[in-house]
Amino acid sequence: MNIADLRRHPENINQVNILSFEGDIYIAELEYKDHRDVLQDVNGGPRRFHSIAELKEVVGATGIDRFNLVFNSPYDEI
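The structure presented is a predicted model; accordingly, all values stated were derived computationally and were not measured.

(A) Spotlight on the pairing of strand E1 (residues 15–21). Along E1, five of the seven residues are buried, which leaves the element largely enclosed by surrounding structure. Across seven bridges, the pairing between E1 and strand E2 (residues 25–31) is antiparallel. Across the sheet, Val16 pairs through a bridge with Leu30, a residue of E2. When E1 meets strand E5 (residues 67–71), the two strands line up parallel, connected through five bridges. For Ser20, the partnering residue across the bridge sits in E5 and is Phe71.

(B) Spotlight on the pattern of salt bridges. Tallying each qualifying case throughout the model produces four salt bridges. Between Asp5 and Arg8 there is a salt bridge, with its nearest N and O atoms 2.4 Å apart. Here Arg8 and Asp5 lie together in helix H1 (residues 3–8), a separation of three residues that amounts to about one turn. Look at Asp5 and you get partly exposed, because its relative accessible area is 25%. A residue is classified by how much of its surface remains accessible, and Arg8, at 52% relative accessible area, is exposed.

(C) Summary view of the side chain of Glu29. Along the chain, Glu29 falls in strand E2. Setting aside anything within four residues of it in sequence, one finds Glu29 in contact with Gln15, Val16, Asn17, Leu19, Arg36, Asp37 and Val38.

(D) Inspection of the environment of Glu54 at higher detail. Looking at the secondary structure, you find Glu54 in helix H2 (residues 52–60). The class of Glu54 is partly exposed, set by a relative accessible area of 29%. Separated by 2.7 Å, the side chain of Glu54 and the backbone nitrogen of His50 make a polar contact.

(E) Region of the structure containing the pairing of E2. Of all seven residues making up E2, six are buried, and the element is well covered by its neighbours. Hairpin connection, E1 to E2: the antiparallel pair is bridged by three residues, and Gly23 has positive phi, about 85°. Pairing of E2 with strand E4 (residues 48–49) involves two bridges; the strand directions are antiparallel. Opposite Tyr26, over in E4, you have Phe49 as the bridge partner. Note: E2 against strand E3 (residues 36–38), three bridges, orientation antiparallel. Paired with Glu29 across the strands is Val38, a residue of E3. Joining the antiparallel neighbours E2 and E3 is a turn of four residues.

Criteria and thresholds
- Residues numbered from 1 in each chain as written.
- Predicted model: local features only at pLDDT ≥ 70, side-chain atom pairs only at ≥ 80, totals over all residues.
- Heavy atoms only, no water.
- Buried < 20%, exposed > 50% of the residue type's maximum accessible area, 1.4 Å probe, protein only.
- Helix = DSSP H or I, 4+ residues; strand = E, 2+ residues; numbered from the N terminus.
- Pairing = 2+ DSSP bridges.
- Salt bridge = Lys/Arg side-chain N within 4 Å of Asp/Glu carboxyl O.
- Contact = heavy atoms within 4.5 Å.
- Polar contact = N/O pair within 3.5 Å; in protein donor to acceptor, adjacent residues only side chain to side chain.

Structure below.
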């Protein structure tokens, strides 16, 4: 799904998981009732954002206000 599709059907999304990666890269994972999909760019690849604020601004403009930050760490214990 790309941002244009998301604007047409935001009601299908339960929440948006913000996937955090090293290098200030964030990807929006759209969570539906029965599956998940990554927000795509115009070329069909994952749409990359460079801050949480940028992602929330773009996706939030569709009316979606349910976000969950997902950060995977390589460390089991600190």
